[in-house]
Amino acid sequence: MDKNAPALLEVDQLRTHFDTLNGTVRSVDGVSFTLQAGETLGVVGESGCGKSVTALSVLRLVPTPPARHGGEVRYRGSNLLALSEKAMRQIRGNRISMIFQEPMTSLNPVMTVGRQIAESVQLHQKVGRKAAMAHAVEMLRLVQIPEPERRAGEYPHQLSGGMRQRVMIALALACKPEVLIADEPTTALDVTIQAQIIDLLKRLQREMGMGVIMITHDLGVVAESCDRVVVMYAGRKVEEATVGALFERPLHPYTRALMASMPALNTRSRRLAEIPGLVPAPHELGQGCAFAQRCEHAMPRCRAETPVLDNHAQQGVHLVACFAVDRASHTPSLAAQPEAAP
Amino acid sequence: MPRWLRKHPTLVVGGVLLLVMVLISLAAPWLATHDPQDIDPLARMKPPSAEHFFGTDAMGRDVFSRAVWGGRVSLIVGLSVALLATVGGVVLGLVAGFVRWADNIIMRLMDGLMAIPGILLAIALMAVTRASLTTVIVAITIPEIPRVVRLVRSMALSLREQLFVEAAHAVGTRLPAVLSRHVLPNMLAPLIVQATFVAASAVLIEASLSFLGVGVPAQTPSWGNMMAEGRNFVAVGFHIILYPGILLAITVLSINLLGDGLRDALDPRLARQL
């Protein structure tokens, strides 16, 4: 990966705020990251921390109003947030695609899966019905669905969850996009199917040279598939590092807590550490670090000021937004014995 | 009989009854023993006989022939109103469900329409137009539309949040295509059921309008007209209103049975319970 190449996708100080009767909800509040071609960027965080809204905002799929966007999302230099709706439709599904979390409900129940893929091909390419259908069958073959010709004529309810997620991937990749946003692509699947889907995504990414944004709360998925990771908390980015650096030396107390709450195979079973409390509701956010209430290292300063991202890397880039980085990283963490990376 | 039909007896009974009524209406020119308009002053108020199956009315017209012809009016009105109200309701309902600013305007208009009893609104509409089959159909359609709009809007609101509709947007589909390919096909079953109930109610309202004298022109044989003319002679010629009444009841019953049967047959959740 060439570090100096212009980024494929640059998200710059993205804000997605919702105006509600109870005040402004800052679901995404000044998030920045870049994505290179061929790279997988993980976006990690608990439920409700703004991962999905970030993904939807990149494709401008959050209805405005009630949402308001700020900042920029640059794809090959042009700001997607400023494009016309028509130009945006040319990008959705064509240049930037998305896979959703629930394969059970993201396919139209009354349309055959082949037809659904063919539709999306016909939207972006000037091809006939037959050619689009042939392409759909090819896509189904690419995502390793057995007997693609027969399966193309079936309805979603005739397929298993794993198959449906494969169909979703085929649908998302049908127009050979440059960026794929995968919003928890494996959450609703069995563990064995999860591994298959991750492997499939990795293989297709290599073959097609896509940039992938992998949104997940599963650190196992991150370790397996990502190059770099962004950790989000309450609508903000709190840490960003390469996968190796993050697992070896997690710096933000939230990241460390997330890792501690993961079961490890090489230790005797004991009670998993949990993070007390919940992600604060976005409209409850006030002054200071959003994690302060739940943080074991919180200082008075944490409640008064909002920490900004600082580079704490010995080499390269390891951004952390925390006042207590030094204190936190010197306390032995439960996750301090990372499994040997394969 | 195929198995799925045997599991839905109401569907079969309703369908067969309605089919019989449709066939009778279609075959009216051949079934009718007399010209429905023919007046025979010598054979007034005759009870049913071999010559006049259902007897004759106060002007000596053959009740059987008029009843057979009258079915056409009822069925044409039922079918047209069901079609028109469904199409109009789908368009308005989809717009209300998907276009935020239009929602309030359309739904408050519909609330306004629903506040007026349907038959009253139809009478009012008939009062400002000239009586004909077309105006009757329009006058019945307008009060029926709000029911369809409400149904379509509520289904549209829930379908709008479905992931596959969002996914359709995410691959760059235009709104009209999303509506016609992804939203509308997913609401067909309840719509068909609703359409049958609209048809049944339209048949009844048409008969009521004719009975009240504001329906189809008085010389047109329709069940409502026949009963309106017969009501003055109930004591001496009960048969004049009896037969059109029975036919009307059978027709409405058959459409309602068909609707109930369709609802059970098309709703997989209900089917499993039964």
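Conventions adopted
- Residues numbered from 1 in each chain as written.
- Chains lettered and ligands numbered in written order.
- Predicted model: local features only at pLDDT ≥ 70, side-chain atom pairs only at ≥ 80, totals over all residues.
- Helix = DSSP H or I, 4+ residues; strand = E, 2+ residues; numbered from the N terminus.
- Buried ≥ 20, exposed ≤ 12 C-beta atoms within 10 Å, placed from the backbone.
- Contact = placed C-beta atoms within 7 Å.
- Pairing = 2+ DSSP bridges.
- Nonpolar A, V, L, I, M, F, W, Y, C, P; charged D, E, K, R; others polar.
- Core = buried A, V, L, I, M, F, W, Y, C linked by C-beta atoms within 7 Å.
- Expected span 1.5 Å × (residues − 1).
- pLDDT = per-residue confidence, 0-100.
- Axes fitted to C-alpha atoms, helices over the stretch in contact; angles between N-to-C directions.
- Parallel < 35°, antiparallel > 145°, perpendicular 65-115°, else oblique.
- Left-handed = near helix turned anticlockwise from the far one by under 90°.

Asks: What's the story with the overall build of chain A in this structure? I'm lost.
Replies: In terms of helices and strands, chain A carries 12 helices and 12 strands. Counting over 342 residues, chain A shows a buried share of 46%. Once local pairs closer than 6 in sequence are excluded, the contacts in chain A between residues at least 24 apart make up 66%.

Asks: When you look at the overall build of chain B in this model, what are you seeing that I'm missing?
Replies: Each helix and strand counted, chain B has 13 helices and 0 strands in total. Listed by position from the N terminus, the elements making up chain B come as α-α-α-α-α-α-α-α-α-α-α-α-α. Its C-alpha atoms give chain B principal-axis dimensions of roughly 75 × 50 × 30 Å. In chain B, which comprises 274 residues, the share counted as buried stands at 43%. For chain B, contacts bridging at least 24 residues in sequence account for 70% of all contacts bridging at least 6.

Asks: Explain the sheet that holds strand β11 (residues 310-311) of chain A to me, please; I cannot follow it from the model alone.
Replies: Hydrogen bonds between backbone groups are what pair the strands of a sheet, and the pairing can be parallel or antiparallel. Residue and element names in this part refer to chain A. Strand order in the open sheet formed by 8 strands is β6-β7-β8-β3-β9-β10-β12-β11, with mixed pairing between adjacent strands. Two strands bound the open sheet, and with one partner strand each, they are β6 (96-99) and β11. The pairing of β11 with strand β12 (residues 319-320) spans 2 bridges and is antiparallel. If you follow N311 over to β12, its bridge partner there is L319.

Asks: Mind showing me how you'd approach helix α11 (residues 223-230) of chain B here?
Replies: Residue pairs spaced three or four apart in an α-helix point in one direction, given the helix's 3.6 residues per turn. Residue and element names in this part refer to chain B. Where burial is concerned, most of α11 is hidden: 8 out of the 8 residues are buried. The complete set of buried residues in α11 reads W223, G224, N225, M226, M227, A228, E229 and G230. The inward-facing, buried residues of α11 contact α4 (63-98), α10 (188-211) and α12 (239-266).

Asks: What's the story with the interface of chain A and chain B in this structure? I'm lost.
Replies: How large an interface is tends to be reported as the accessible area lost when its parts come together. Each partner contributes to the interface: chain A provides 22 residues, whereas chain B provides 15 residues. Secondary structure elements with two or more residues in the side of chain A that touches chain B: α2 (85-91) and α3 (113-124) of chain A. Of the residues that constitute the side of chain A that touches chain B, the class distribution is 10 nonpolar, 8 polar and 4 charged.

Asks: Just to check I follow, could you spell out the nonpolar core for this structure?
Replies: General note: in soluble globular proteins, nonpolar side chains tend to be found buried as a group. One finds A136(A), A170(A), I213(A) and V81(B) to be the most contacted residues of the largest nonpolar core, which totals 162 residues. In terms of residues, this core owes the most to one element, α4(B), which gives 13 residues. When near neighbours in sequence (up to four residues on either side) are disregarded, V81(B) contacts I137(B), I140(B), T141(B), E144(B), V198(B), A199(B) and A202(B).

Asks: Explanation requested: the sheet that holds strand β2 (residues 23-35) of chain A in the structure shown.
Replies: Residue and element names in this part refer to chain A. In spatial order, the strands read β2-β1-β4-β5; together these 4 strands make up an open sheet with antiparallel pairing. The strands lining the two open edges of the sheet, one partner per strand, are β2 and β5 (78-79). Examined bridge by bridge, strand β4 (residues 67-75) and β5 share 2 bridges and lie antiparallel to one another. Each residue of the ladder has a partner; that of R74, found in β5, is N79.

Asks: In this structure, what is going on with α10(B)? I would like to understand it.
Replies: In this model, α10(B) (24 residues) spans 34 Å end to end at C-alpha, consistent with the 34 Å of a helix rising 1.5 Å per residue. Of all the 24 residues making up α10(B), 17 are buried; the element is thus mostly covered by neighbouring parts of the structure.

Asks: Whenever I open this one, unusual backbone geometry confuses me. Can you help?
Replies: Comment: phi is negative for the bulk of residues other than glycine, and the bulk of peptide bonds are trans. Residues and elements named next belong to chain A. The phi torsion at Q13 lies on the positive side, around 50°, for a residue other than glycine. Looking at the element boundaries, Q13 is found in strand β1 (residues 9-20). For Q13, a count of 11 C-beta atoms within 10 Å translates into the label exposed. One non-glycine residue with positive phi stands out, namely R60, at about 55°. The exposure class of R60 is buried, given the 20 C-beta atoms found within 10 Å.

Asks: Teacher, can you tell me more about the confidence of the model for chain B here?
Replies: Residues shown with low pLDDT carry predicted positions that ought not to be read at fine detail. All names here are of chain B. Per-residue confidence for chain B gives a mean pLDDT of 89, with 97% of residues at or over 70. Within chain B, no element has a lower average pLDDT than helix α13 (residues 268-273), which sits at 52, and none a higher one than α4, at 94. Predicted complex metrics record ipTM = 0.71 and pTM = 0.77.

Asks: Help me understand the packing of helix α7 (residues 133-160) of chain B against α10(B), please; the structure alone is not making it clear to me.
Replies: In helix packing, the relevant descriptors are the interaxial angle and the interaxial distance, both defined with respect to the helix axes. Residues and elements named next belong to chain B. Across the interface, α7 lies against α10 with an axial gap of 10 Å and an inter-helix angle of 155°. When the axes of α7 and α10 are compared, the pair comes out roughly antiparallel. When the axes of α7 and α10 are compared, the crossing they make is right-handed. For the pair α7 and α10, contact is made by V136, I140, E144, V148, L151 and M155 and by P190, Q194, V198, S201, A202, I205, E206 and L209, respectively.

Asks: Please clarify how the environment of S25(B) should be interpreted in this entry.
Replies: All names here are of chain B. Of note, S25 is situated in helix α2 (residues 9-26). S25 sits in the buried class, given 20 other C-beta atoms within 10 Å. Expressed as a C-alpha distance, the spacing of S25 and L75, which sit 50 residues apart in the sequence, is 8.1 Å.

Asks: Would you mind going over the environment of V44(A) with me for this structure?
Replies: All names here are of chain A. Looking at the secondary structure, you find V44 in strand β3 (residues 40-44). Residue classification places V44 among the buried positions, given that 25 C-beta atoms sit within 10 Å. For V44 and S106, which are 62 residues apart along the polypeptide, the C-alpha to C-alpha distance reads 22 Å. Not counting residues up to four positions away in its chain, the partners in contact with V44 are T216, H217, L219, V222, V229, V231 and M232.

Asks: Mind showing me how you'd approach the pairing of β6(A) here?
Replies: For a regular strand, side chains alternate in direction, first toward one face of the sheet and then toward the other. Residue and element names in this part refer to chain A. Side chains of β6 alternate between two faces, with I96 and M98 and S97 and I99 buried alike. Direction of pairing for β6 relative to strand β7 (residues 179-183): parallel, over a ladder of 4 bridges. Paired with I99 across the bridge in β7 is A182.

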